[in-house]
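# Results of the structural survey
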Amino acid sequence: MSVPDKSAFPTLNTPAGEIPADSPAWNPQRPSSMPHHRYQPAHDRVDVPLADAEREWPSRRIETAPLWVPVDLRDGNQALPEPMDTARKRRMFDLLCAMGFKEIEVAYPSASQTDFDFVRHLATSGAVAQDVTVSVFTPARPELIDRTIDSVAGLPRVLVHMYTPSAPTWRNVVLGRDRADLKKMILDAAGHLMHRAEQKLAGADVRFEFSPEVFNLTEPDFALDVCNSVTSLWDASPDRPVVINLPATVEISTPNVYADQIEYMHKHLDRRDAVILSVHPHNDRGTGVACAELAVLAGAQRVEGCLFGNGERTGNVDLVTLVLNLYTQGVNPMIDLSDIDAVRQVVEECIRIPVHVRHPYAGDLVHTAFSGTHQDAISKGLVRHAQEAEDLDVPASEAPWKVPYLPIDPADIGRTYEEVIRVNSQSGKGGIAHLLHAGQGLDLPQAMRPDFYRTVQQVTDDTGQELSGEELWKLFHAAYLAPVHDGPYVLDGWTTRQDGVEHEFTATVVSPDARTPVRGIGNGPLAALTNALVQAGVTVDILTYSEHATATGPDAPAAAYAYCRTAGQDVWGAGWDTSILTASVQAVMAAVNRAHGAARD
């Protein structure tokens, strides 16, 4: 093995400080020189006034789906190197509707003419079903509110989403306003929005949403005061509820902190029965999904996010993962992902960003096992699943799912089992056998699997590449089936007959040196065959033998496997023919030729 050139590695300051005095002996990690002191812990940045006695979310379970609200067309679109045009936006909108989303944030109409034009397209094209609510986004500025209201004229069901950053850093650095000034600005804008909607959108079903952006870094008392003031101004009622959306705009803490913040608001908001409590987690720490799930436990009723987690920086929370996480718990997710590859294809074409091969549920490799132990467990699990379905007298697609390493049945989301197990140098005997069974109907004897495994591993080690099911079949064919026709001994014109319990086998054995007529007697065809081979100078003992059909129907091939002792070796051979007898004879002769051919070499 060659030693890597250290110049190819980045320059790192390997941690070299003193091991902390309180570190246990088994942990020799040393302090890094990275300037961690520049950053404040979340608990020093925001207070969460929720006493332990008030915290109820840890003991709850999610038993119904929240209202899912995709923001791919607005928030996700803003994050694209190439923002979507109207045609791509319309394709994405149609996909979202087909999946079952009933509230869709479609644009930031005041941000660009493209966004404004798309909302007008929806309003005038008849693309929006009567039960779908179109949501549009606006800052808390009168002139931008006016532009937003103009865009939605003619739509039957509209949610106008107004936002303002509320956290101290944003107030001080971005807006230059103190708490009182910001609250007044928000309420003035909220009043303006309400009046303009009354003037311009008469006859439409119009509701409002407010987001104190960067809620998770905002003082809880200020967030609560502003939200209560907005719902009061908009006169929220159970028959006309207001959405209060609480974004984790920039993740700064573990998900339990966000859950505490959401539960605090859930328990202290005025007009709680007139408020739809919503969350909008981002994924800066990689825990957006956990934040959303814990927030729902804490009282959230609505989740905003993007398909496959698209969005600024590390993205918005991933709705596909959230939906299917719920599905794996036996909860109806209210969204159709039964053809996840079709969904992914449309999204990739619209946003022009590929979905990662390891993306939960949707990636090309997420249902695939290369590891030998995983493959063996999955293969056995699939066999057990089929048996349990048969025992329950239900289709396999309806039987309870309990297959190791696969939290979801790939077939439920439109995947096949063909890619569940793939073979490379890390793979094991069970995975190899599974692929041969799935592709060719072969059921290799347990004792034969290590033998073929060694053959496969030699190829994968030499090439460093994976082998497809078809390549495995070719390798198996060359190793165990082809020798019946390609070896030192070939049977020419063989026949069998039975007289009572006695079987007779006659043939001509063709070898490099001679053509030898032979006749053997035995208590079965294979015993007669081995008896006959002695006359050609070949001694063979059949140690184990098995056979099976590879499919149903009279024309289905049969497979036979023979483990034989001959030429001083114990070797496997296999046969493949529509006749079980022919397959069994082939298996013995393949073993003979593998052993004698190797001996001559």
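Computed from a predicted structure; not experimentally measured.

## Observations concerning the overall build of the chain
- Helix and strand counts for the chain come out as 18 helices and 14 strands.
- By its C-alpha atoms, the chain is 105 × 65 × 45 Å across when sized along the principal axes.
- A buried classification covers 49% of the 601 residues belonging to the chain.
- A fraction of 65% describes how many contacts in the chain between residues 6 or more apart in sequence connect residues 24 or more apart.
- Across the chain, the mean location of the 50 positive side-chain charges is 4 Å away from that of the 79 negative side-chain charges.

## Considering empty space enclosed by the protein
- Counted according to the given criterion, the structure contains four cavities of 30 Å³ or more.
- Each pocket or cavity is described by its volume, and for the largest cavity that value is around 60 Å³.
- Ile62, Pro66, Trp68, Ala292, Glu293, Val296, Val303, Leu322 and Leu326 are the residues that line the largest cavity.
- If you list the elements that add at least two residues to the lining of the largest cavity, you get α10 (288-297) and α11 (319-327).
- Here the element with the most residues in the lining of the largest cavity is α10; it accounts for three residues.
- Split by residue class, the lining of the largest cavity holds eight nonpolar, no polar and one charged.

## Remarks on the nonpolar core
- Ranked by size, the top nonpolar core spans 98 residues in total, and within it Met92, Phe93, Val106, Met162, Trp234, Ile262 and Leu307 carry the most contacts.
- At eight residues, helix α7 (residues 179-200) tops the list of elements feeding residues into this core.
- Not counting chain neighbours up to four residues away, the residues in contact with Val106 comprise Leu73, Arg74, Lys89, Phe93, Phe118, Val119, Leu122, Val134, Ser135 and Val136.
- Core analysis: the next-biggest nonpolar cluster, separate from the first, contains 28 residues, Leu529, Ala562, Val585 and Met589 among them.

## Structural notes on helix α12 (residues 340-351)
- With twelve residues, α12 should reach 16 Å at 1.5 Å per residue; the first-to-last C-alpha distance of 16 Å fits that figure.
- Along α12, the residues that are buried comprise Ile340, Val343, Arg344, Val346, Val347, Cys350 and Ile351. For α12, the arc enclosing every buried residue in end-on projection is 165°, short of the 170-degree limit, so these residues lie on one face.
- The elements touched by buried residues of α12 are α3 (86-99) and α11.
- Once α12 finishes, Arg352 follows within two positions and takes phi at roughly 60°, a positive value.

## What about the sheet that holds strand β9 (residues 490-499)?
- If you trace the three strands from one edge of the open sheet to the other, you get β9-β10-β11, paired in antiparallel fashion. The sheet is open, and its two edges are formed by β9 and β11 (515-522), each paired on a single side. This sheet shows a mean twist of 15° between the axes of neighbouring strands, independent of strand direction.
- Here β9 pairs with strand β10 (residues 502-510) via eight bridges, running antiparallel. From the neighbouring strand, Thr496 faces β10, where its bridge partner is Phe505.
- Strands β9, β10 and β11 of the sheet are contacted by helix α17 (residues 525-533), whose axis makes an angle of about 140° with β11.

## Considerations on the UniProt feature "domain: Pyruvate carboxyltransferase" (unreviewed entry) in the chain
- If you check UniProt for "domain: Pyruvate carboxyltransferase" (unreviewed entry), the listed places come out as residues 66-341 in our numbering.
- Along residues 66-341 one finds 45% helix and 19% strand; the C-alpha atoms at either end are 24 Å apart.

## Quick word on the domain arrangement of the chain
- Taken as a whole, the chain is organised into domain 1 (52-351), domain 2 (372-413), domain 3 (430-481) and domain 4 (482-598).
- The distance between the C-alpha centroids of domain 1 and domain 3 comes to 51 Å.

## Some points on the UniProt feature "binding site: Mg(2+)" (unreviewed entry) in the chain
- Following the UniProt record, the feature "binding site: Mg(2+)" (unreviewed entry) maps to Asp75, His280, His282 and Asn316 here. Across 242 residues in sequence, these annotated residues keep their C-alpha atoms within 10.8 Å of one another, forming a single compact spot. Among the residues just listed, Asp75, His280 and His282 line the second largest pocket.
- In this fold, His280 is placed in strand β7 (residues 275-281).
- With a relative accessible area of 4%, His280 lands in the buried category.
- Other than its neighbours up to four places away in sequence, His280 contacts Val71, Arg74, Asp75, Asn245, Leu246, Pro247, Ala248, Tyr258, Glu304 and Asn316.
- You can see Asn316 is positioned in the loop between β8 (302-305) and α11.
- Discounting residues that sit within four places of it in the chain, Asn316 has contacts with Val71, Asp75, Gly76, His280, Pro281, His282, Gly305, Cys306, Gly309, Asn310 and Gly311.
- Looking at Asn316, its side chain comes within polar contact range of the side chain of Asp75, at 3.5 Å.

## Re the packing of helix α5 (residues 142-152) against α7
- At a minimum axis separation of 10 Å, α5 and α7 run at an interaxial angle of 30°. Relative to α7, the element α5 lies roughly parallel. Viewed along their axes, α5 and α7 form a crossing whose handedness is right-handed. Counting all contacts with α5, which are made through Pro142, Ile145, Asp146, Ile149 and Asp150, the residues of α7 involved are Ala189, His192, Leu193, Arg196, Ala197 and Lys200.

## Digging into the sheet that holds strand β12 (residues 540-549)
- Taken in spatial order, the three strands make up an open sheet running β12-β13-β14, and their pairing is antiparallel. Looking along the sheet, the strands with just one partner apiece sit at the ends: β12 and β14 (569-577). Direction aside, neighbouring strands of the sheet carry axes that sit 15° apart on average.
- Two elements, β12 and strand β13 (residues 558-566), share nine bridges in a ladder whose sense is antiparallel. Residue pairing for β13: Ile542 is matched across the bridge by Cys564.
- Its contacts with the sheet put helix α16 (residues 469-481) on β13 and β14, and the angle it makes with β14 is roughly 120°.

## Examining the environment of Val346
- Examined against the element boundaries, Val346 turns out to sit in helix α12.
- Through-space distance from the C-alpha of Val346 to that of Leu95 is 7.6 Å; in sequence the pair is 251 residues apart.
- For Val346, the residues in contact, after removing those within four places along its chain, are Arg91 and Leu95.

Reading the values: rules and limits
- Residues numbered from 1 in each chain as written.
- Predicted model: local features only at pLDDT ≥ 70, side-chain atom pairs only at ≥ 80, totals over all residues.
- Heavy atoms only, no water.
- Helix = DSSP H or I, 4+ residues; strand = E, 2+ residues; numbered from the N terminus.
- Buried < 20%, exposed > 50% of the residue type's maximum accessible area, 1.4 Å probe, protein only.
- Contact = heavy atoms within 4.5 Å.
- Lys, Arg positive; Asp, Glu negative; His and termini not counted.
- Charge placed at Lys NZ, Arg CZ, Asp CG, Glu CD.
- 1 Å grid on protein atoms, 1.4 Å probe; cavity = no way out; pocket = protein on both sides within 12 Å on 5 of 7 lines; lining within 4 Å.
- Points joined across faces, edges and corners; volume = space filled by probe spheres on them.
- Nonpolar A, V, L, I, M, F, W, Y, C, P; charged D, E, K, R; others polar.
- Core = buried A, V, L, I, M, F, W, Y, C linked by side-chain atoms within 4.5 Å.
- Expected span 1.5 Å × (residues − 1).
- Arc of directions from axis to C-beta.
- Pairing = 2+ DSSP bridges.
- Axes fitted to C-alpha atoms, helices over the stretch in contact; angles between N-to-C directions.
- UniProt positions renumbered as here; feature names shortened; annotations may be inferred.
- Domains from an automatic or database assignment.
- Polar contact = N/O pair within 3.5 Å; in protein donor to acceptor, adjacent residues only side chain to side chain.
- Parallel < 35°, antiparallel > 145°, perpendicular 65-115°, else oblique.
- Left-handed = near helix turned anticlockwise from the far one by under 90°.

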